[in-house]
Amino acid sequence: MTKSPTEKMKIAVLTSGGDSAGMNAAVRAVVKMGILRGCETWVVREGYEGLVKGNTEAPSTQDYSSTQGNPINLPESLKDDTLVKNLRFGDGPLLRDGEGDTNDDGSHSLKGRYIIRVGWDDVRGWMGEGGTFIGTARSTTFRTTEGRLAAARNLIKEGIDALVVCGGDGSLTGADKFRSEWPDHVKTLRANGDIGDEEVEKYGHLKIVGLVGSIDNDMALTDMTIGAPTALHRICEAIDNINTTAASHSRAFVVEVMGRHCGWLALIAGISSGADFIFIPERPPTGDSWEEEMCACIKAHRNVGKRKTIVIVAEGAHDKDLNPIRADDVKKVLAEQLGLDTRVTTLGHVQRGGRPCAWDRILPTLQGVEAVEVLLTATPDTPSYVIGISENKVTRVPLMEAVSKTQEAAKAIGEKDFVKAMSLRDSEFGESLEAFTAISTLDKRLAPENQRMRIAIMHVGAAAGGMNAATRTAVRFCHLRGHTPLTIHNGFKGLLNDHITNPTWLGVDNWMTRGGSELGTNRTLPSIDMGAVAAKFQTHSFDALLIIGGFEAFSTLLELEEARASYPALRVPMVHLPATISNNVPLTDYSLGSDTSLNALVDACDAIKQSASASRNRVFVVETQGGKCGYIAALGALATGAVLVYTPEVGISLDQLRNDVKFVKERYGLDVRGKSEGRLVLRNEKASDIYTTEIITKILKEEGGSLFDSRSASLGHTLQGGIPSPMDRARAVRLSMKCMVFLEEQATKIKGLKDKSRKALKGSAAVITIQGSQIVLAPVSDVEDAADMKNRRGIDPWWAKLKDLAETLGGKTDLMEYVN
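Residues numbered from 1 in each chain as written. Predicted model: local features only at pLDDT ≥ 70, side-chain atom pairs only at ≥ 80, totals over all residues. Heavy atoms only, no water.

Colleague: Can you walk me through the overall build of the protein chain in this structure?
Modeller: The number of helices and strands found in the protein chain is 27 helices and 24 strands. A compact globule built from 820 residues should have a C-alpha radius of gyration of about 28 Å, and the protein chain, at 28 Å, falls within 12% of that. For the protein chain, the C-alpha atoms occupy an extent of roughly 85 × 70 × 50 Å along the three principal directions. By the burial criterion, 60% of the 820 residues in the protein chain qualify as buried. With an accessible surface of roughly 30,700 Å², the protein chain has 47% of that area assigned to carbon and sulfur atoms. Put simply, the protein chain has 97 plus and 104 minus side-chain charges, and the middle of one group is 3 Å from the middle of the other. (Helix = DSSP H or I, 4+ residues; strand = E, 2+ residues; numbered from the N terminus. Rg over C-alpha atoms; globule rule 2.2 N^0.38 Å. Buried < 20%, exposed > 50% of the residue type's maximum accessible area, 1.4 Å probe, protein only. Areas by Shrake-Rupley, 256 points an atom, 1.4 Å probe, with all protein chains shown as cover. Lys, Arg positive; Asp, Glu negative; His and termini not counted. Charge placed at Lys NZ, Arg CZ, Asp CG, Glu CD.)

See the structure below:
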């Protein structure tokens, strides 16, 4: 018999290879979306080893699906709801608490069971936990044909015909091989009498999809792998701490990070921490002596007065002849040849551990949801896919194509073809390496003397993480090219008061890790006195302008471009680099500071949720910043597992609020008595002028009765402060470099005009934007066309649908059919 169209697909998910932060979030997403799409969901303990061992014990006969005494009055029609029928199967707490293999007699255990059915609440609370609760192992047995045959038998035994594998290239290669062999395994099982003809026809095709879990970010055809952002956080946190002691004692530190065949962690950590030198597998030092090359760079830094030295070494680093370069080798050279007091720090498995950062919750969630959709549409003729990401777009990539290109890069390194190895990394990798070289060296790449400029740099609007990193990059680019950097302090008020400085290369050295705005910033626009502003441009002979800030900076650029017709001094190249926690600059998918803000929100909400869960039955209404843009609230809800989220784009109505209260009551009614979890509701500060955070909190508390109470928390300006996230720092460097190149190119074009009146070229006032997988320098007029100027945000943002997804994964599903 063929499978009935109405028969439920059974999806199993496993984690394999090295663990990485975000794996739990991926499992949670697969389970929840699988249930929502009408599937049965299972987890496999201990990776492929669990598939081989299968189940030798039957699950407990205790009924865990009931609400165990909570007062809930669901109608008969809703008792067949997919969420209600798949609430829990009892093993979730054992997985989360690590009690699965307990030896206590008579206790509920997972012993002898490796393929386990799980429900909605069995994966609750997994989002914010590191590692993988279902375990991972490198299975030698699965590498044999006999092992894979046993795995096939165990899957068919449980009726499972779809598999999600989260792991690295080795794990994914094993998954594809397993799928290709599946028909042969089915035939063998039938010949051995392990299955009947019915099973042969029913399970003739295994559907497989891959999620890349790897802290090295070494998979081709995807920008980011699950666990890499968190590993980068761990590295940068450590180096940020090392920086202070290094400066105190004028020491050198050699930091070894993971990355056997891929230098992504070392490269991006080097950029984000302001390191002096890095060693990565893809681009070893080109000279005959790496020792001389490194020492020349560091000696130059010390000669200008730098007190500390940071060298980052990827574990797979080597010289051009593939001789290993180890941290202790680097230490010896620094001590003996430069006389530096040098220490070595090997971060090791610290990089794998800890709570996942915001992006390592959002990325696995989006990819886990997509994985389920891939399985539902898979046929014997479609290839196995791996789910990737390109900037903010979730992608499907043929699994073996991605694995092949990944392995090709390692092979190229082994053959000393470093040019090819670099070409097999994405464009961002190469750009980041060029940027690191440009901002970490004192070597000059001078522009022709007649093309050297006086470049003004200013901050406009509210402070955001990454502003200082972008400024540091711009200043160092100027020194590299022979331009004069002129930093304007306190925005246009400072310009009018001639608060302008010429920073040195060393003077901005520590700005990479500093939050806020070292230049000072405010919301004053040039229209305060455009004539005076133009006069200052002329007085200080500005040849170009870099504006770093949010919507006010965008408005500044609009005003300056419009004023060019009247003021010739303003006819210079200008570029706006978006930096705002609100992420409300039109046309760009990301602004500097938004990732830092999301991480601050996640940290705060984790603490708040812990308090709410300790009370068992408390709902916290958390107010976020963001102005009239709901980005932080929507993405924050996805990252924290909030059950409701209110944004200005959608607003709040009385009917909506009434239904939401009913939903929360019904959801608490489905909890096991005494074991309810704390829940979060996120509200953007401008979601409604009427239904404030205080009012919503009071309504929930009044209506909660004996089921739950409610409290509120306003995060306020804590979302602006703190140390910028590594992603915001690295993005600041990359975008700032592109802005400076743009200013050079536009200035050259303007100087080449025959018209001596220096007309401003069309497009010479631009906003640097991230659009899908591309970085685009968009004319400010194009950005204006994509703007909702009244509400100070973009039109039709890419993240708009994530609000509904966050609420769906929070449990706001078919229950609403009843509560409505």
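Colleague: What am I meant to see in the side chain of Arg234 here?
Modeller: Here Arg234 is to be found in helix 8 (residues 228-249). Only 3.2 Å separates the side chain of Arg234 from the backbone oxygen of Arg355, close enough to count as a polar contact. Ignoring sequence-local partners within four residues, the contact set of Arg234 consists of Val350, Gln351, Gly353, Gly354 and Arg355. (Polar contact = N/O pair within 3.5 Å; in protein donor to acceptor, adjacent residues only side chain to side chain. Contact = heavy atoms within 4.5 Å.)

Colleague: What is the right way to look at the sheet that holds strand 20 (residues 709-714) in this model?
Modeller: In a beta sheet, neighbouring strands pair by backbone hydrogen bonds and run either parallel or antiparallel. An order of 18-19-17-20 is seen for the 4 strands of this open sheet, with the pairing classed as parallel. Looking along the sheet, the strands with just one partner apiece sit at the ends: strand 18 (644-646) and strand 20. The average angle at which neighbouring strand axes cross in this sheet is 20°, direction not considered. As paired elements, strand 17 (residues 618-624) and strand 19 (residues 679-684) share 6 bridges and run parallel to each other. The partner of Thr624 across the bridge, within strand 19, is Asn684. Across the face of the sheet, helix 23 (residues 693-704) comes into contact with strand 17, strand 18, strand 19 and strand 20 while running at roughly 165° to strand 20. (Pairing = 2+ DSSP bridges. Axes fitted to C-alpha atoms, helices over the stretch in contact; angles between N-to-C directions.)

Colleague: Before we go on, may I ask you to explain the packing of aromatic side chains in this structure?
Modeller: For any pair of aromatic rings, geometry is given as the distance between the ring centres together with the angle between the planes. This structure, assessed with the given rule, holds 13 aromatic pairs. Seen in terms of ring centroids, Trp359 and Tyr590 are 6.3 Å apart; in terms of plane orientation they differ by 85°. Their pairing is edge-to-face. Here Trp359, found in helix 12 (residues 359-377), pairs with Tyr590, found in the loop between strand 16 (574-578) and helix 20 (594-614); they are 231 residues apart in sequence, far enough to count as distant. Take Trp359 and Tyr590: they sit in the same class, and that class is buried. Centroid distance Tyr668 to Phe708: 4.9 Å. Interplanar angle 25°. Geometry classified as stacked. One end of the pair, Tyr668, is in helix 22 (residues 654-669); the other, Phe708, is in the loop between helix 23 and strand 20, and 40 residues separate them in sequence. The burial state of Tyr668 is the same as that of Phe708; both residues are buried. Each residue in the set Trp359, Tyr590, Tyr631, Trp798 and Trp799 is aromatic and connected to the rest through ring pairs, giving one cluster. Taking the ring centre of Tyr114 as reference, the NZ or CZ of Arg45 above it sits at 4.9 Å. The ring centre of Tyr590 lies 4.4 Å from the NZ or CZ of Arg731, which sits over that ring. (Phe/Tyr/Trp six-rings, centres within 6.5 Å; stacked < 30°, edge-to-face > 60°. Lys NZ or Arg CZ within 6 Å of the ring centre and 35° of its normal.)

Colleague: Is there a simple way to think about unusual backbone geometry in this case?
Modeller: Excluding glycine, most residues fall at negative phi; most peptide bonds, likewise, are trans. Unusually for a residue other than glycine, Leu221 sits at a positive phi of about 70°. When you line up the elements, Leu221 lands in the loop between strand 5 (207-212) and helix 8. The phi angle at Arg792 is positive, at roughly 55°, despite the residue not being glycine. A relative accessible area of 33% places Arg792 in the partly exposed class.

Colleague: Before we go on, may I ask you to explain the sheet that holds strand 13 (residues 484-488) in this structure?
Modeller: Ordered in space as 14-13-12-15-16-21-22, the 7 strands form an open sheet in which the pairing is mixed. Only two strands of the sheet have a single partner each, and these edge strands are strand 14 (500-501) and strand 22 (774-779). Relative to strand 14, strand 13 is paired through 2 bridges, and the arrangement is antiparallel. Residue Ile488 lies in a different strand from strand 14, and its bridge partner there is Ile500. The strands touched by helix 16 (residues 467-481) are strand 12 (454-460), strand 13, strand 15 (544-549) and strand 16; relative to strand 12, the strand with the most contacts, the crossing angle is about 175°. Relative to strand 16, helix 24 (residues 726-751) is tilted by about 170°, and along the sheet it contacts strand 12, strand 15, strand 16, strand 21 (765-771) and strand 22.

Colleague: Sorry, what's going on with helix 15 (residues 427-440) here?
Modeller: Every α-helix carries 3.6 residues per turn, so stepping three or four residues along brings you back to the same face. Between its first and last C-alpha atoms helix 15 spans 20 Å; for 14 residues at 1.5 Å apiece the expected length is 20 Å, and the two agree. The set of residues buried in helix 15 consists of Phe429, Ser432, Leu433, Ala435, Phe436, Ala438, Ile439 and Ser440. Contacts from the buried residues of helix 15 go to helix 9 (264-273), strand 7 (277-279), helix 10 (290-303), helix 14 (418-423), helix 16 and helix 24. (Expected span 1.5 Å × (residues − 1).)

Colleague: Looking at this structure, I do not really get the pairing of strand 2 (residues 40-44). What am I missing?
Modeller: On a regular strand, each side chain points to the face opposite its neighbour's, so the side chains alternate between the two faces of the sheet. Of all 5 residues in strand 2, 5 are buried; the element is thus mostly enclosed. As defined by bridge partners, strand 1 (residues 10-15) adjoins strand 2 across 5 bridges and the pair is classed as parallel. Paired with Lys10 across the two strands is Glu40, which belongs to strand 2. Where strand 2 meets strand 3 (residues 115-117), 3 bridges bridge the pair, whose relative direction is antiparallel. In the sheet register, Trp42 faces strand 3, and the bridge partner there is Arg117.

Colleague: It is not clear to me how the state of the cysteines should be interpreted in this structure. Could you clarify?
Modeller: Put plainly, two cysteines are in a disulfide when a covalent bond ties their sulfur atoms together. Taken as a whole and judged by the stated rule, the model has 0 disulfides. Cysteine Cys357 is unpaired, with the sulfur of Cys236 as its nearest cysteine sulfur at 11 Å. (Disulfide = S-S within 2.5 Å.)

Colleague: Any chance you could explain the side chain of Asp319 here in plain terms?
Modeller: Along the chain, the position of Asp319 falls in the loop between strand 8 (309-314) and helix 11 (327-338). Every residue in contact with Asp319, bar those within four places of it in the chain, is listed here: Pro284, Trp290, Ile325 and Phe418.

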